[in-house]
Amino acid sequence: MAAEVMLMNEIEATAAQMGIDMNIDFSSIQLPPGENCGIISDDDDVYHDDELEFDSGFGNVIVVDNLPVVPREKFEKLEGVIRKIYSQIGVIKEDGLWMPVDPETKKTLGYCFIEYNTPQEAELAKEKTHGYKLDRAHIFAVNMFDDFDKYMKVPDEWAPPEIKPYTPGENLQKWLADEKARDQFYWTESFVQWSPMGTYLATVHRQGAAVWGGANTFNRLMRYAHPQVKLIDFSPGEKFLVTYSSHEPSNPRDANVRVVINIFDVRTGKVMRDFKGSADEFAVGGAGGVSGNSWPVFRWGGGKEDKYFAKLGKNMISVYETETFSLIDKKSLKVENVVDFSWSPTDPIIALFVPELGGGNQPARVSLVQMPGKEELRQKNLFSISDCKMYWQSNGDYLAVKADRYTKTKKSTYTGFELFRIKERDIPIEVLELDNKNDKIIAFAWEPKGHRFAVIHGDNPRPDVSFYSMRSTHNLGRVAKLTTLKGKQANALFWSPGGRFIVLAGLKGFNGQLEFFNVDELETMATAEHFMATDVEWDPTGRYVATSVTSVHEMENGFNIWSFNGKLLYRILKDHFFQFLWRPRPPSFLTPEKEEEIARNLKKYSKKYEAEDQDVSMLLSEQDREKRRMLKEEWEKWVSEWRRAQEEEKLERQKLRDGEASDEEEEYEAKEVEVEEVLDVSEEVLSFEE
């Protein structure tokens, strides 16, 4: 009761400051004491208190102003109109509509308070009805009740902000300066996410998201308030964090799920832009999109600069720039029937796909569009297309379009590739068909930073794996096949981040078959098995490979660490194992030419590390020798103790032997003993003649 009285006093004081006569019964309002700004506390018990879904402050109450001022006889009619308007948006609590009355004139005061079940419904009501025109003289002005309290706390006179002394922040990249260039990994039993360059580790909670980092220990660097957040995504350059939540409508008549998306500045925690609406508005392709909802809703472009982000809508692609967080040219890119798009990893270029229409009268097409000018760089029409998927090479040098085409009879399909050379003049396109064009494509993957790609094709259980290069033998700009590996137990491809090496993995039905392959030499380095493996992850430098069995399986949960050439280095089993993540590294500052030079002169650079390895090896050998020495000393000590005990018990043993004097074996006397043994007994009756 004390808490309820305190809250009533607080709201009455706020209303008094605003000059509002609160002739209202607030006894039906049940709100929790305290204010945590939507951020979870550090106390562990808060994390486990999942059943308590409290609203903070008065976040589910709105104030509707500019209502007609009416006498008591018209009060009921006005209240009915207001209730009809606002009950369409969400469920108004019982006794949740209050319209204050002037005690002298007995007329309404021109505003009302509406309390919804959830803050999300209150926010939606504010968005939908602020500026609503009831009639020519009454246009609604809608605000959140919490905002009034915030505005009333603003001082009347400006005062300069307190200047805080500068304190340098931690070096969030210190882990990259490790003397031995060791990589880090993180395993967990719940959901976490590294930022793209490894600076931050993000965690998700009921009240919002948080990022962690630091030079020596992981400290919480920033928190982002977003109640019931479910999904997060970083921009490629780590400047922005996107958070997503969805809420079931409390009104049974409303079938639309409510979606809230916030884009935060990672360093400051400021919301740069929010998007709210029904789930249909954020479905791929807009309402009725072919693929339904997917994450991330927004896809980032412009490389590591984080200049642009875009989402797919119905007959359009909405492209935003991050300087103002508004649409480029204040309008979306209109593309009739567009169903998919993807950004170049390095340049502000969008590749979009429009399917075939009109029974083939209008062919499918892939277009390349340059931002921000929305200029079409290249277009390719595709005929008899049933499906299409686009794959960018990591440097943005090439784009592969996997096109599934109908045969003439329309009863089956076959697959080919349209290969775009993005960086060459006029963006030439090559068509690639497999030797057996009817082969099913199981997997496709570009070599990172390279010119090669791999394809798994054919039928299970033993498909083939083919390797191709975008450079022919004479470098004439023609795609060339390097080799085909026949009958492999593989259904997934995992290139090393540095290229050259690849793991051919047989996951799911293939029970974790692994083949470590050197594409430069076109030879297998090793074959292995991680039974029931679900995931394969290269470390950022391409030195190690982690294979894991996550908790999608009930047994064998854990992970293995392998060398790049397939040697098992480390294995750990862990029940309820959920996720394995290598810590990403930022891009190298070295030019491709410098990296090639280092690769050519690797023996010269590796001498230092070989010497360090030798020192470590000698140290380990010395440790092994010390361990053996200690074991020997322990054995000799045990033998000595045994001999001492034997000597002390010698007289007792003599008595037990009836005076035998010695335990020494050589003093024993050997005696021959004759033993008679009956081998057989038989009875025979003899007859005697007289």
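Keep in mind it's a predicted model, so treat the numbers as computed, not measured.

Draft legend 1. Local environment of the overall build of the protein. Scanning the protein from terminus to terminus reveals eight helices and 41 strands. Across the 690 residues of the protein, 40% fall into the buried class. Considering only residue pairs separated by 6 or more positions, the protein has 47% of its internal contacts joining residues 24 or more positions apart. For the protein, the accessible surface area stands at approximately 42,000 Å², while carbon and sulfur atoms represent 50% of it.

Draft legend 2. How the structure looks around the confidence of the model for the protein. When pLDDT is averaged across the protein, the result is 84; 84% of the residues are at 70 or more. When the criterion is pLDDT under 50, residues 1-7 qualifies, and its contacts beyond four places in sequence or with other chains add up to two contacts. Scored below 50 in pLDDT, residues 285-292 makes 15 contacts in the model with residues more than four places away or belonging to other chains.

Draft legend 3. Up close: a nonpolar patch on the surface. On the surface, Phe185, Trp187, Tyr544, Leu569 and Tyr570 cluster together into a nonpolar patch covering about 450 Å² of accessible area. Only strand 7 (185-188) and strand 40 (568-573) provide two or more residues apiece to the nonpolar patch. Mapped onto the elements, Tyr570 comes out in strand 40.

Draft legend 4. Structural view of the side chain of Ser496. Secondary-structure assignment places Ser496 in the loop between strand 33 (492-495) and strand 34 (501-506). Discounting residues that sit within four places of it in the chain, Ser496 has contacts with Pro448, Phe501, Trp538 and Gly542.

Draft legend 5. Looking closely at the packing of aromatic side chains. In this structure the tally under the stated criterion is 36 aromatic pairs. A centroid spacing of 5.4 Å and a plane angle of 55° characterise the contact between Tyr244 and Trp295, whose relative ring orientation is tilted. Highlighted residues: Tyr244 in strand 13 (residues 240-247) and Trp295 in the loop between strand 15 (271-278) and strand 16 (299-301), separated in sequence by 51 residues. Residue classification places Tyr244 among the buried positions, given a relative accessible area of 12%. With a relative accessible area of 28%, Trp295 lands in the partly exposed category. Consider the rings of Phe275 and Tyr320, whose centres lie 5.4 Å apart with planes at 75°: the pair is edge-to-face. On the criterion of sequence distance, the pair formed by Phe275 in strand 15 and Tyr320 in strand 18 (residues 316-321) is long-range, its members being 45 residues apart.

Draft legend 6. Spotlight on the pairing of strand 18. Counting buried positions over the six residues of strand 18 gives five, a clear majority of the element. If you look at the hairpin formed by strand 17 (residues 308-313) and strand 18, you'll find two residues sitting between the two strands, and Asn315 has a positive phi there, around 65°. As judged from the two bridges shared by strand 18 and strand 20 (residues 333-334), these two strands associate in the antiparallel manner. In the sheet register, Met316 faces strand 20, and the bridge partner there is Lys334. In this structure, strand 18 lies alongside strand 19 (residues 326-327), joined through two bridges in antiparallel fashion.

Draft legend 7. View of helix 7 (residues 602-648). An ideal rise of 1.5 Å per residue puts 69 Å on 47 residues; helix 7 measures up with 68 Å between its terminal C-alpha atoms. At Lys608, helix 7 shows its maximal kink, close to 35°.

Draft legend 8. Here's a closer look at the nonpolar core. Judged by nonpolar contacts, the single largest core of 23 residues is most densely connected at Ile62, Val64, Ile82, Tyr86, Ile114 and Tyr116. Those elements that provide at least two residues to this core are strand 1 (61-65), helix 3 (75-87), strand 2 (92-98), strand 3 (111-116), helix 4 (119-129) and strand 6 (141-144). No other element matches helix 3, which puts five residues into this core. Filtering out sequence-adjacent residues up to four positions away, Ile82 remains in contact with Leu67, Leu97, Met99, Cys112, Ile114 and Phe140. Core analysis: the next-biggest nonpolar cluster, separate from the first, contains 18 residues, Leu382, Trp392, Phe420 and Ile429 among them.

Draft legend 9. Region of interest: the sheet that holds strand 35 (residues 513-518). The strand order 33-34-35-36 describes an open sheet built from four strands, whose pairing is antiparallel. Both outer strands of the open sheet, strand 33 and strand 36 (523-529), are each paired with one neighbouring strand and no more. Each adjacent strand pair in this sheet contributes to an overall mean axis angle of 20°, direction not counted.

Draft legend 10. A look at helix 4. Three or more residues of helix 4 are buried, namely Pro119, Gln120, Glu121, Ala122, Leu124, Ala125 and Thr129. Note on helix 4: the residue one or two positions beyond its end, Gly131, has a positive phi of about 90°.

Draft legend 11. Focus on the environment of Glu281. Relative to the helices and strands, Glu281 is located in the loop between strand 15 and strand 16. By relative accessible area, Glu281 is classed as partly exposed at 42%. Note: C-alpha distance between Glu281 and Val259 (22 residues apart in sequence) is 8.8 Å. Sequence-distant contacts of Glu281, that is, excluding residues within four places in its chain, are made with Lys276 and Lys311.

Draft legend 12. Structural detail: the pattern of salt bridges. The tally for this structure, following the rule as stated, stands at 33 salt bridges. A salt bridge links Glu115 to Lys93, with the shortest nitrogen-to-oxygen separation between them at 3.3 Å. With Glu115 in strand 3 and Lys93 in strand 2, this pair connects stretches of sequence that are 22 residues apart. Of the residues examined, Lys93 reaches a relative accessible area of 23% and is grouped as partly exposed. Among the ionic pairs, Arg405 bridges to Glu418, the shortest N-O distance being 2.9 Å. In this pair, Arg405 is assigned in strand 26 (residues 398-406) and Glu418 in strand 27 (residues 413-421), connecting sequence segments 13 residues apart. This pair shows no difference in class: Arg405 is buried, exactly as Glu418 is.

Draft legend 13. A look at unusual backbone geometry. Residues Met371 and Pro372 are joined by a peptide bond in cis, for which omega reads 10°. Along the chain, Pro372 falls in the loop between strand 23 (364-370) and strand 24 (375-382). With a phi angle near 60°, Asp95 is a residue other than glycine that sits in the positive phi range. On the accessibility criterion, Asp95 (52% relative accessible area) is exposed. Residue Lys374 is not a glycine yet carries a positive backbone phi of 60°. Summarising the element assignment, Lys374 is placed in the loop between strand 23 and strand 24.

The rules behind each value
- Think of each chain on its own: its residues are numbered from 1, step by step along the sequence as written.
- Predicted model: local features are reported for residues with pLDDT of at least 70 only, side-chain atom pairs are reported and counted for 80 or more only, and whole-chain, interface and lining totals are derived from all residues.
- Excluded from the side-chain calculations are hydrogens and water; all other atoms, namely the structure's heavy atoms, are used.
- The helix and strand labels rest on DSSP assignments: H or I over at least four residues marks a helix, E over at least two residues marks a strand, and numbering proceeds from the N terminus.
- Partly exposed describes any residue whose relative accessible area lies between the buried limit of under 20% and the exposed limit of over 50%, with all areas from a 1.4 Å probe on protein chains only and scaled to the type maximum.
- The contact definition used throughout considers only heavy atoms, calling two residues in contact when any of these lie within 4.5 Å.
- In short, Shrake-Rupley with a 1.4 Å probe defines the accessible areas, and a residue's cover is counted only from the protein chains shown.
- Every residue is assigned a pLDDT by the predictor, reflecting its confidence on a scale from 0 to 100.
- Patch members must show over 30% relative accessible area and no salt bridge, and they are joined within 9 Å when carrying like charges or within 5 Å when they are nonpolar side chains of Val, Leu, Ile, Met, Phe, Trp or Tyr.
- For this document, the term salt bridge refers to a Lys or Arg side-chain nitrogen within 4 Å of an Asp or Glu carboxyl oxygen.
- Put simply, two rings from Phe, Tyr or Trp (the six-membered ring, in Trp's case) pair if the centres are within 6.5 Å, and we call them stacked under 30 degrees between planes, edge-to-face over 60, tilted for the rest.
- Paired strands, as defined in this entry, are two strands with at least two bridges between them according to DSSP.
- Helix span is expected to be 1.5 Å times the residue number reduced by one.
- Axes are fitted to the seven residues ending at a residue and to the seven starting at it; the angle between these axes is taken as the bend at that residue.
- For our purposes a nonpolar core is just a set of buried Ala, Val, Leu, Ile, Met, Phe, Trp, Tyr and Cys residues, chained together by side-chain atoms within 4.5 Å.
- Only C-alpha atoms enter the line fits that serve as axes; for helices the fit covers just the stretch in contact. Angles between N-to-C directions range over 0 to 180 degrees.

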